[in-house]
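# Structural overview
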Amino acid sequence: MISHRPKKSSGRATSPYQRDPSASHSRNFLIIDDHPIASIGLANLLEGHSEFSCRCLQGGCDQALKLIDEHRPSLVIVDIACDCGGGLTLLRQIRTTHPRVNTLVYTAHNEKTFARRALLAGASGFLSKHDGPSAVIEAVHRVLSGNMHYSSDVISSLDGSCGSDPSECLSERELEVFIRIGSGEGNRTIARELSVKPKTIESFREKIKAKLGLHDSVELVQHAVRWVIEQERDDTA
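Residues numbered from 1 in each chain as written. Predicted model: local features only at pLDDT ≥ 70, side-chain atom pairs only at ≥ 80, totals over all residues. Heavy atoms only, no water.

Residues spaced three or four apart along an α-helix point in a common direction, a consequence of the helix completing one turn every 3.6 residues. Compared with an ideal rise of 1.5 Å per residue, which puts 15 residues at 21 Å, helix 10 (residues 198-212) spans 21 Å between its outermost C-alpha atoms and is within 8% of the ideal. All buried positions along helix 10 are accounted for by Ile201, Phe204, Arg205, Ile208, Lys209 and Leu212. End-on view of helix 10: buried residues confined to an arc of 135°, all on one side of the axis. Residues Lys199 and Ala210 are exposed on helix 10 and point more than 90 degrees away from its buried face. Positive backbone phi, approximately 70°, marks Gly213, located one or two places after helix 10. (Helix = DSSP H or I, 4+ residues; strand = E, 2+ residues; numbered from the N terminus. Expected span 1.5 Å × (residues − 1). Buried < 20%, exposed > 50% of the residue type's maximum accessible area, 1.4 Å probe, protein only. Arc of directions from axis to C-beta.)

Let us now look at the pairing of strand 5 (residues 102-107). The buried fraction of strand 5 amounts to five of the six residues, a majority that puts the element mostly inside the structure. Where strand 4 (residues 75-78) lies against strand 5, four bridges are found, and the strand directions are parallel. Looking at the pairing, Val78 lines up with Val105 of strand 5. Bridge count between strand 5 and strand 6 (residues 125-128): four bridges; the pairing is parallel. Paired with Thr107 across the two strands is Ser128, which belongs to strand 6. Handedness of the crossover joining strand 5 and strand 6 through helix 4 (residues 111-121) is recorded here as right-handed. (Pairing = 2+ DSSP bridges. Right-handed = clockwise from strand over helix to strand, strands pointing away.)

Right, dumping it as structure tokens:
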């Protein structure tokens, strides 16, 4: 679903992807988030600045790429959890098909877990939904100016190896399965939620064990549970 958010003018409404005649430096944004309240709230914040106008999308990758191709927004803001096979997948597709379009991740997910992955997927910045309004505006301006918006720890991590950190070693889908295992879900439940066969999940489990150096399913579950608890603790810290 697409939400059009035209700006108010003295006489007529303008399309979110048409330059507002009252704003000589209008920047057009596309916000991709499955949660309408979050995307509308972000749009309201950004449109409090006269140079910004926004369009919100709750949809799949194909629709997002079509809108980007048609309107060439100045910035695409993506939630990693968006319903399009994962926000990281969408970021990679944008980098491939529209390399000049700036992208910014805006998510409730932990930076320690996902920021490096977002950077490698092509995002120019990573922003937490826990950040305040001033931090959001600062991040947007930095990315639009051609700069990166990441912590120094994330940037420096590119020089290191992934070791046994699941967020570094696993693919996006493998990490999703790993997190679900750590949250107590069994193969059938995970398969149903991801719309795949249980045998596919078993295959993912084998790949995860191999990448993390785990010997059996017991070690996998124990490792996954501990890791999920640690991430939740970091989120509330």
